[in-house]
Amino acid sequence: MPLVLNEEQRLLRDTARDFLASHAPVSALRKLRDERNPLGYEPQLWRQMAELGWASIILPEQYGGLDFGFLGLGLVMEECGRTLVASPLFASAVVGASALLLGGSSAQQVALLPKIAAGELTLALALEEYHHHRPTRIATTAVREGDDFLLNGSKTFVVDGHSADLLIVVARSAGEESGPEGLSLFLVERKLAGVSCRRTLMADSRNAADLQLDNVRVGAHQMLGEEGNGWAILAPVLDRGRVAIAAEMMGCALEAFERTVAYLKERRQFGAPIGSFQALQHRAAQMQADIELCRSVLLQALSVVDEKPGQLPILASLAKAKLNELVKRVTNEAVQMHGGIGVTDALDIGFFLKRARVTMQLFGDTGFHKDRYATLCGY
Amino acid sequence: MQELESFRAEVRQWLEANCPASQRQPITPQEQYWGGRRGRFSSEDARLWYERMRDKGWIAPEWPIEYGGGGLSDRQSRVIRQEMKRINARAPLYGIGLWMLGPALLEYGNAAQKQQHIPAIINGETRWAQGYSEPGAGSDLASLQCKAEDRGDHFLVNGSKIWTTAADKCDWIFCLVRTKPDGKKQEGISFLLIDMDDPGVSTTPIALISGESEFCQTFFDNVKVPRENLVGELNKGWSVAKALLVHERKLMAEMGSDSPRKIVAPNEAARTYLEFDNGRIADAQLRSDLVDYDMQMHAIALTHFRGFEEKSSGVSSPAALVMKYLGTEAEKTKCELLLAILGSRGLGWEGEGFTPEELDTLRLWAMSKAMTIAGGSSEIQLNVIAKKVLGLPQPAEV
């Protein structure tokens, strides 16, 4: 794992950057927000992203995938972070595709992966039940009834929950309320009877929803993986999601930082560019140092997904914790260094600030991942 | 890659056969071999190990063979270092001649200078001191005043240099001297090599807060330095100085991950000195500080690795420019963390009632304060990042 991109990877990144700059700039998200778009993303853009192969980057060729590896997906996620692209990429191409790839039966893979690869089928992971990421604290029940299961419970902070075609519901078929044992995963069509959905408008103007499951009946063949052993799939899926969202956070932080550095060179006060003042220079330089660290951590975390999955848990927590801290610091400084204009809605910086806060909670906040890192280190 | 792996196998085999068991133990400061006229081996094994490495060309594996180096690539040299680290092999030779002057001389020295000085470094004949800072020129290094008058066949040097590491044990000193009093301050500086046995050179150690006095002040009183000891062009010494500083900063950045002194890692100290509750450190603040430190070091190690890979692949990146700042700040954090973990056991200055490691921890803590000052303070490093990486406008000179 050389932590240096090869030519193919650089090409993918550059293509993504060019495409998104022209087709999905920050103004596209602003427009979705201002018009209160009910879907929350542009289907036309998502089709184009799928045509570029982004929905299938990690999928094998037999399912119509690019089989380009997780690092490639991370590079595209990072570019999406730069322009705050609203799309099903994270929920479907990262989380959904990984869940099916790691846990799906061959029948499920054959039926669903080609549609995911083509961008025709979107997914959402219905996991959280609490206002902090607690992936094993699951009260939603799955009770066997003949060949079926009846699902009951409620879910919150479900990314793309109101727009996805298919939900992956984490439910408890056995075990204690806060343990990893006894969890089962189910593929549930969002429009199935008993599923009710309320879109939640979040700070970042992106898609999330609360879900209610009332006696939702699903066949046993809709189970993903083994009964009671859902954690074996969910744990690596969450780690992949953490690394991918960390990549998006990197793009978000870099863009906010670069816009800020440009402003430091342009804005004049006291007869000089404010970027010549050491108080600002040192804070900017410290952010650059943090960016360098995060770049290495992120590349390593993206690489181990395919190359050394045994190292994924500790690197996923390192990456998520480090990027949480980076994006918080950089977006706060971006607002502060822009001064008064930084708190206006007219400037895009506020969009980066708000998206940062949502991504910081997604799949584990800083405290969650520091605690996990310490536990994995044995203390 | 295949070739590198077979090279690794050769290195492993050679080290296995040639590195004495006693040279695979953590080294104390007294056991380090620094060369020079006052250099002493701590044991026959240490001498044997040094001589074998010297004859193999692996004291400086990437230097040219004609000067006693190994003539190897950066990647091959890294393999040697990795394999040495794997078996905890001691460095056979220490010194800023090896780490800093040698690389700069290979780049800027003339053939005679290289022939005179580079084999002498590898052969352990010369121990070098560094003469950069002056009492009135610290962070503002370019304002240095130690004067060298051009007298045709020689320079007449007058002034003093401070923080000359172990200068009382060194044979030669490389100095930045002022050869032009007027004009832009960076453009009147030259780089001179001075024999410390020359009449008029004297050195006094400086007592530090750590209780040690590894730094000295060196005085020059009408010292005659032959003209052939000028490295690079007259008044162009600042470029040599900057190139050498790159090596110094790289070295300091890596000290945390590859410390020449034995110091316990904070997470190991935690097992000895802290209470645990169900496998977790009971003190929430210390646990949080420890995980912050461990994550930071993990990220720094990955960034060192990335920086090396980028350099080897010819990719330019700002990573190298941020490492001195990050590495030395982390080293200071580590020492503060160790003191906090050791509690009152970390506060012993000397004598009975404390283990040698506990006493060492406090001394290292005091010494670590110099890390973010020497070699360009952290504030200077941030200035450099702001200018070189971010391209921010320079403040008006005051």
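Reading guide: rules and limits
Residues numbered from 1 in each chain as written. Chains lettered and ligands numbered in written order. Predicted model: local features only at pLDDT ≥ 70, side-chain atom pairs only at ≥ 80, totals over all residues. Heavy atoms only, no water. Helix = DSSP H or I, 4+ residues; strand = E, 2+ residues; numbered from the N terminus. Rg over C-alpha atoms; globule rule 2.2 N^0.38 Å. Areas by Shrake-Rupley, 256 points an atom, 1.4 Å probe, with all protein chains shown as cover. Lys, Arg positive; Asp, Glu negative; His and termini not counted. Charge placed at Lys NZ, Arg CZ, Asp CG, Glu CD. Buried < 20%, exposed > 50% of the residue type's maximum accessible area, 1.4 Å probe, protein only. Contact = heavy atoms within 4.5 Å. Expected span 1.5 Å × (residues − 1). Arc of directions from axis to C-beta. Axes fitted to C-alpha atoms, helices over the stretch in contact; angles between N-to-C directions. Parallel < 35°, antiparallel > 145°, perpendicular 65-115°, else oblique. Buried area = accessible area lost by both parts, 1.4 Å probe. Salt bridge = Lys/Arg side-chain N within 4 Å of Asp/Glu carboxyl O. Nonpolar A, V, L, I, M, F, W, Y, C, P; charged D, E, K, R; others polar. Pairing = 2+ DSSP bridges. Domains from an automatic or database assignment. Core = buried A, V, L, I, M, F, W, Y, C linked by side-chain atoms within 4.5 Å. Patch = residues over 30% accessible without salt bridge, like charges linked within 9 Å, V, L, I, M, F, W, Y side chains within 5 Å.

A look at the overall build of chain A
Line of reasoning, step 1. Scanning chain A from terminus to terminus reveals 11 helices and 10 strands.
Line of reasoning, step 2. Taken over the C-alpha trace, chain A has a radius of gyration of 21 Å; the compact-globule value for 379 residues is 21 Å, and the two agree within 12%.
Line of reasoning, step 3. Along the three orthogonal principal directions, the C-alpha set of chain A runs to about 80 × 50 × 40 Å.
Line of reasoning, step 4. In the structure as shown, chain A presents an accessible area of about 14,400 Å², 51% of it carried by carbon and sulfur atoms.
Line of reasoning, step 5. A gap of 7 Å separates the mean positions of the 39 positive and 44 negative side-chain charges of chain A.

Description of the overall build of chain B
Line of reasoning, step 1. Summing up its helical and strand segments, chain B has 11 helices and 10 strands in all.
Line of reasoning, step 2. Considering only C-alpha atoms, chain B reaches an extent of 75 × 50 × 50 Å along its principal axes.
Line of reasoning, step 3. The buried share among the 398 residues of chain B stands at 50%.
Line of reasoning, step 4. By sequence separation, contacts in chain B at least 24 residues apart represent 71% of the contacts at least 6 residues apart.
Line of reasoning, step 5. Of the roughly 18,700 Å² that chain B leaves accessible, carbon and sulfur atoms contribute 51%.
Line of reasoning, step 6. A gap of 3 Å separates the mean positions of the 47 positive and 54 negative side-chain charges of chain B.

Concerning helix α1 (residues 7-23) of chain A
Residues and elements named next belong to chain A.
Line of reasoning, step 1. The first and last C-alpha atoms of α1 sit 24 Å apart over 17 residues, in line with the 24 Å expected at 1.5 Å per residue.
Line of reasoning, step 2. Among the residues making up α1, those that are buried are Gln9, Leu12, Ala16, Phe19 and Leu20. One side of α1 carries all its buried residues, which in axial view fall inside an arc of 100 degrees. Seen from the open side of α1, the exposed residues pointing more than 90 degrees away from its buried face are Glu7, Leu11, Asp18 and Ser22.
Line of reasoning, step 3. Contacts made by the buried residues of α1 are with α3 (43-51) and α4 (70-83).

Here we look at the packing of helix α8 (residues 278-307) of chain A against helix α9 (residues 319-342) of chain B
Line of reasoning, step 1. Contact geometry for α8 of chain A and α9 of chain B: axes closest at 9 Å, N-to-C directions at 105 degrees. With respect to each other, α8 of chain A and α9 of chain B are oriented roughly perpendicular. Residues Gln286, Ala289, Glu292 and Leu293 of chain A of α8 of chain A form the contact with α9 of chain B, whose own contacting residues are Ala319, Val322, Tyr325 and Leu326 of chain B.

Things to note about the interface of chain A and chain B
Line of reasoning, step 1. Counting residues at the interface gives 38 residues for chain A and 42 residues for chain B.
Line of reasoning, step 2. Approximately 3,400 Å² of surface area, both sides summed, lies buried where chain A meets chain B, with 65% of it carried by carbon and sulfur atoms.
Line of reasoning, step 3. Considering only the surface of chain A that becomes buried against chain B, Glu292, Leu293 and Tyr379 of chain A emerge as the three largest contributors, covering 21% of it.
Line of reasoning, step 4. The interface formed by chain A and chain B contains four salt bridges.
Line of reasoning, step 5. Asp371 of chain A is the salt-bridge partner of Arg280 of chain B, the closest N and O atoms lying 3.0 Å from each other.
Line of reasoning, step 6. For the side of chain A that touches chain B, the secondary-structure elements that each account for two or more residues are α7 (231-266), α8, α9 (312-338) and α11 (366-376) of chain A.
Line of reasoning, step 7. Among the elements that take part in the side of chain A that touches chain B, α8 of chain A stands out by supplying 15 residues, more than any other.
Line of reasoning, step 8. Its residues assigned to classes, the side of chain A that touches chain B comprises 21 nonpolar, 11 polar and six charged.

Overview of the pairing of strand β2 (residues 141-145) of chain A
Residues and elements named next belong to chain A.
Line of reasoning, step 1. In terms of strand pairing, β2 meets strand β3 (residues 148-159) through five bridges, oriented antiparallel. The residue bridging Arg144 from the neighbouring strand is Phe149, located in β3.
Line of reasoning, step 2. Counting the residues between successive antiparallel strands, the hairpin from β2 to β3 contains two residues, one of them, Gly146, with a positive phi of roughly 65 degrees.

Regarding the domain arrangement of chain B
Line of reasoning, step 1. Entries for chain B in the domain assignment read domain 1 (2-94), domain 2 (128-237) and domain 3 (256-389).
Line of reasoning, step 2. Here the C-alpha centroids of domain 1 of chain B and domain 2 of chain B sit 31 Å apart.

Overview of the nonpolar core
Line of reasoning, step 1. If you look at the biggest cluster of nonpolar residues, it comprises 146 residues, and the most contacted ones within it are Met49, Trp54, Phe70, Leu89, Phe90 and Leu125 of chain A.
Line of reasoning, step 2. Discounting chain neighbours no more than four positions away, the residues touching Leu89 of chain A are Trp46, Met49, Trp54, Val76, Met77, Cys80 and Val94 of chain A.
Line of reasoning, step 3. Residues Trp14, Tyr67, Leu144 and Trp172 of chain B belong to the second largest nonpolar core, which totals 49 residues.

Focus: a positive patch on the surface
Line of reasoning, step 1. A grouping of Lys184, Lys242, Lys387 and Lys388 of chain B is seen on the molecular surface, where their side chains present a positively charged patch.
Line of reasoning, step 2. Looking at where Lys184 of chain B falls in the secondary structure, it is placed in the loop between β4 (172-178) and β5 (189-195).

Here we look at the domain arrangement of chain A
Residues and elements named next belong to chain A.
Line of reasoning, step 1. On domain assignment, one finds that chain A holds domain 1 (7-121), domain 2 (124-228) and domain 3 (232-376).
Line of reasoning, step 2. Centre-to-centre separation of domain 1 and domain 3, based on C-alpha positions: 21 Å.
Line of reasoning, step 3. The interface is formed by 21 residues belonging to domain 1 together with 34 residues belonging to domain 3.
Line of reasoning, step 4. In total, about 2,300 Å² of surface goes out of reach between domain 1 and domain 3, with carbon and sulfur atoms giving 68% of it.
Line of reasoning, step 5. Counting the contacts that link domain 1 with domain 3 gives six salt bridges.

A look at the side chain of Thr200 of chain A
Line of reasoning, step 1. Inspection of the secondary structure assignment puts Thr200 of chain A in the loop between β6 (195-199) and β7 (208-219).
Line of reasoning, step 2. In this structure Thr200 of chain A touches Ala208, Ala209 and Asp210 of chain A, once residues within four positions along its chain are discounted.

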